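An overview of the molecular structure
The chain contents come next:
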Amino acid sequence: MAHQITPESPSLIEKWLPVSRLSVESQKERKAGSGQTLTGLGKWWGRKPLVLARATILASLLPATDDEAMDRRIFLGLMRMDDEGLSVARAGKALSASVVEPLMTEGEKSAWLSTDVKGKTVWSPERTESERAAFATALHSRIPYSDRVGAALRAEEVDDKPWPTSLWDDVESHLGIRTDSLAGLVDALGQKRFGRKPRVGDCFTGGGSIPFEAARIGCDAFASDLNPVAGLLTWGALNVVGASEAERAQMDAAQQEWLAKVDAQITAWGIEHNDRGERADAFLYCAETVCPNSECGAKVPMSPSWLVSQKQDLGVRLVPVEADGRVVSYGFEIARGKEISAPTVEKGSLCCPACGVRTPVKQIRGDRTVGEGEDKKTVNNLRPWEKTDFMPRPDDILTERLYCIRWVLDQEVATEKKNGKKESKVVSSKRYAVPEVDDLAREKRVVELLSERLDEWQKEGFIPSAEIVPGYNTKQPIWERGWTRWHHLFNPRQLLVLGFANNQINMDVSNIFVLGKSFDFLFSKLVRWIPANAQTGQCFSNQALNTLFNYANRSWLGIKNLSLDFEKTISLKSSHLEICDARLTATKTDIWITDPPYADAVNYHELTEFFLAWYVPHLKTHFPDWPVDSRRELAVKGAGEDFKQTMAAIYANLNRNMPDNGLQVVMFTHQDPEVWADLALILWAAGLRVSAAWVISTETESGLKEGNYVKGTVMLVLRKRLGGGDGWISQADASVRREVARQIERMKTAASDFNDGDYALASYAAALRVITGYASIDDIRPEEALTGHSDTREAVANLIRRAQRQASAFLVPDDLHPEEGERAALWGRLDKGERFLVQALSSQKRGNRSISLLQELDKGMGGIGYDEFVQDKIADAVNLKTPTQWARRGLDDGPLGKTLLRDLMLAVREVSSTGEPSMGLDRLSERLEARGRFLADAKPDALSLLAWLSTLGVLPGWSVDASAAASLRDALALRTL
């Protein structure tokens, strides 16, 4: 009998979610890089994977029934994450013999496999391709999900393929819904739950993942954001990526016309072509300054590397120019190998090749602090650029030079095929050259052309003239270069080309996205040159406006790689977008899914001004109701009372704008217990309760950046708190412990790739489930706690900290002690510094030596200061200090504090240097007694920790100290105390 879906039916997402599979799918989507569906529209920081958005929406609409197996079967089938979806609809590259060999019986191996001349296992040549494909499909159930997904297409790539009839038969028998399409099912589920097609909303839409996916599967999608750049990207997701075939053809035609018109003008100006028939493909520029050494005074080109092409081992050599017997400046020559000049900027200092003196760039700028008290401020000697400036003045502290050009020559070459048929193809040859007289004349021509047009183009908005408003990110270009307006981040060549391109763009709004991508990849003084592949890198390689000492400027030729070229037509309907303050939105939705800003998250309102400065005329033309500024004054940012009050007001408003049976999902990734305490109070005060929490591993190792990052995204499932009793902190504390245990065990069962930071997040979410279920705690209601009861906030923060410690107790490294009970007891006696080091070294021993591991452990354990433990800091091969590498003072005053592990490491250090275990034991005993402890009492724990230290010899640099630890353990075991 079919399950009866009612408005009160619990949602599947409140009971179950395939965490492990979704983690694998999310990471696969991330690894697609620029091939991801929405990244082709332009830069946005922190887009959530589309597969995660789809799963969240579907699991929110589908009911959780008594037949859990059928619930899961239908969900996985709809997501194409089941056996049939992976092996049939998503079939990508054929599974290799090496992948399936370990899963085969000996009989199957002899029947299906063979060995090639190099000894490699391959499919038997006696089997046809169709036979191999059928057999591989039969093996699918034996293959780990991550391997199967690795060989498959992404689920979104096969949306045009029909689902199997058997799936719709299951839907009808289980849910009583007769349909043959995903959109039909979504509509029917909405009718049963809400009496209409379901409406899904996101008031922090950002790059548009959630509304895009909602519209794609058939929901009414609502999107809003305060930031017009986010609005533009979401509009593009819904109306460019989501355009009909006819609309897409019109956009393509307009794009080609625009690109050709700009190209024709550049060609007519003659600023990218030379007399040899070549066209410039890239221009490389560097900063230049005068060496401040009073005995030198040479003008020095500045670059952290003069290598241009790693593959060709080609770069630039600085050629001294002398006058009166001393070097006054430098010219350039193309060079190879050892002839390439050494960097002239290293670790923030100018390295003058003329006199050899190293001078910090801060000193060259004249950075200093002036004034006292409230008048105290930091200043430097850089000249603040003016509105009319578009290049440095000759007497500026930092000027700029062109030092290399890559030229391209296209030639038609005749070829002959084996059948004797002749044809021709275009072959491009590239060469690198330093600027010659004619090249410098073209640079001068660019300046003349721009000077003639700058004032007019700035008045019309085609070149920005807006001031850079100082902020956390935006103060960087002001301070480091003296750039005060947005057009100062672009050189004359870039301003001329972009100004003309922007002037011609109005024929079709979709061209704005190509222009925006060009700022990020081709045309700004923040675009890096990467010698490894001899290409430009992304301007926003991280979340900052990084000024560079050398930068790249691609020519208009590079724009073809940024054109909008979406492989499939995805026609979306039923969507609405508005730019507004989330506190004021009046749109009612059935499901809100949000990824809100919080604490030290990305400063979108600042970074997007880099793009927004160029978009103003187009926003006024195509979106006249939208604001044309970043709404800094309204942006949700920072922390403190204003942040909490704003967030609470937003979520209270969303609560009002959803039905009583509505549902919210909040995605959250922060690791600071204090921020989670604020989130608990925010959601509590907004009248919401956490009904479920899931942790999805959304980031790959390569996607993790320096800073506060984890692999996991916590998804908090929220309902309206329509009741709830009064509680006490002591009562809540006991409930939190039970919830944490349940959450961690569920994660351990679901996936193996979570780390301590992710478990910490899960423990925080478990605490929120308990806290938000109460109407009040200790007689204080949530709105009161949010507005001033610091004691209640601290009590909530302590609950969350204890939840984290509870999670930590579940994460004892297996190699700490052979007996589980003793291992857990010892772990419980270690402090957070000791736990950090044990967990970090144990993880490194298992092969994870990434910097991200240390970042996650650091934050997950409440902030240790992991840098003090590091000996060699390489992104994927971090080495931690051995006992010998720790300075004595570092161990005495460092993050290990006055702990047993600290004392043991000092003793190991002693044994390593003297070769005498007895001396190490004597020193250990002295240190313990100085702190009121005795070696006899510490002996059991010391033996376990020394045995663990002795296993670390497999790590780089640890062999001597590991051996010393083993000797010390043996001596301690034999000593009678």
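The rules behind the values
Residues numbered from 1 in each chain as written. Predicted model: local features only at pLDDT ≥ 70, side-chain atom pairs only at ≥ 80, totals over all residues. Heavy atoms only, no water. Helix = DSSP H or I, 4+ residues; strand = E, 2+ residues; numbered from the N terminus. Buried < 20%, exposed > 50% of the residue type's maximum accessible area, 1.4 Å probe, protein only. Contact = heavy atoms within 4.5 Å. Pairing = 2+ DSSP bridges. Expected span 1.5 Å × (residues − 1). Polar contact = N/O pair within 3.5 Å; in protein donor to acceptor, adjacent residues only side chain to side chain. pLDDT = per-residue confidence, 0-100. Axes fitted to C-alpha atoms, helices over the stretch in contact; angles between N-to-C directions. Phe/Tyr/Trp six-rings, centres within 6.5 Å; stacked < 30°, edge-to-face > 60°. Lys NZ or Arg CZ within 6 Å of the ring centre and 35° of its normal.

1. Regarding the overall build of the protein chain
When helices and strands are tallied, the protein chain shows 34 helices and 28 strands. Across the 977 residues of the protein chain, 57% fall into the buried class. Summarising the internal contacts of the protein chain: among those between residues at least 6 apart in sequence, 72% fall at separations of at least 24.

2. Some thoughts on the sheet that holds strand 10 (residues 345–346)
Hydrogen bonds between backbone groups are what pair the strands of a sheet, and the pairing can be parallel or antiparallel. Reading across the sheet, the three strands line up as 10-11-12 and stay open at both edges, with antiparallel pairing between neighbours. Across the chains shown, the open sheet's two edge strands, defined by having one partner strand only, are strand 10 and strand 12 (358–360). In the sheet, strand 10 pairs with strand 11 (residues 349–351) via two bridges, with the strands oriented antiparallel. Following the sheet pairing, E346 is matched in strand 11 by S349.

3. Looking at the pairing of strand 5 (residues 279–290)
Burial analysis of strand 5 places eleven of its twelve residues in the buried class, the great majority of the element. In the sheet, strand 5 pairs with strand 19 (residues 550–554) via five bridges, with the strands oriented antiparallel. Looking at the pairing, Y285 lines up with Y551 of strand 19. Judged from the four bridges that link them, strand 5 and strand 6 (residues 299–302) form a sheet pairing that is antiparallel. Paired with A287 across the strands is M302, a residue of strand 6.

4. Concerning helix 28 (residues 832–845)
Between its terminal C-alpha atoms helix 28 stretches 20 Å, which fits the 20 Å expected from 14 residues at 1.5 Å a residue. With twelve of its 14 residues buried, helix 28 lies for the most part within the structure. When we look at burial in helix 28, the residues that qualify are G833, E834, R835, F836, L837, V838, Q839, A840, L841, S842, S843 and Q844. The N-cap residue of helix 28 is D831: its side-chain oxygen and the backbone nitrogen of G833 are 3.1 Å apart.

5. Regarding helix 3 (residues 68–78)
Taken as a whole, helix 3 has its buried residues at M70, D71, I74, F75, L76, G77 and L78. Looking at the packing, one finds that the buried side of helix 3 touches helix 1 (19–31), helix 2 (50–61), helix 9 (165–175) and helix 10 (182–194). With its phi angle positive at about 55 degrees, R80 sits one or two positions after the end of helix 3.

6. Structural notes on the confidence of the model for the protein chain
Any region with low pLDDT has predicted coordinates that should not be read closely. Overall, the prediction assigns the protein chain a mean pLDDT of 84, with 87% of residues at 70 or greater. The secondary structure element of the protein chain with the lowest average pLDDT is helix 29 (residues 851–860), at 64, and the one with the highest is strand 6, at 96. Here residues 700–710 scores under 50 on pLDDT; set against residues more than four positions off or in separate chains, the count is 33 contacts.

7. Structural notes on the sheet that holds strand 8 (residues 314–323)
With antiparallel pairing, the three strands of this open sheet are ordered in space as 7-8-9. For this open sheet the edge positions go to strand 7 (307–309) and strand 9 (326–336), each flanked by a neighbour on one side alone. On average, adjacent strands in this sheet sit at an angle of 30 degrees to one another, irrespective of strand direction. Summarising the sheet, strand 8 and strand 9 pair through ten bridges and their orientation is antiparallel. Paired with L314 across the two strands is R336, which belongs to strand 9.

8. Quick word on the side chain of N502
If you trace the backbone, N502 turns up in helix 17 (residues 492–503). At a separation of 2.4 Å, a polar atom in the side chain of N502 contacts the side chain of H618. Apart from the residues lying within four places of it in its own chain, the contact partners of N502 are G461, F462, L515, W614 and H618.

9. Quick look at the packing of aromatic side chains
Per the counting criterion, the structure on display carries 27 aromatic pairs. Where F519 meets W614, the ring centres are 5.1 Å apart and the plane angle is 35 degrees; that geometry is what we call tilted. Within this pair, whereas F519 is found in helix 18 (residues 511–521), its partner W614 is found in helix 20 (residues 609–622), the two being separated by 95 residues in sequence. F519 gets classed as buried once you look at its relative accessible area, which sits at 0%. Assessed through its relative accessible area of 0%, W614 is described here as buried. What links up through ring pairs into an aromatic cluster is the set W486, F490, F519, F540, F610, F611 and W614. Above the face of the W163 ring, R80 is positioned so that its terminal group lies 3.9 Å from the ring centre. Its guanidinium or amino end placed over the ring of W886, K881 lies 4.6 Å from that ring's centre, counting from NZ or CZ.

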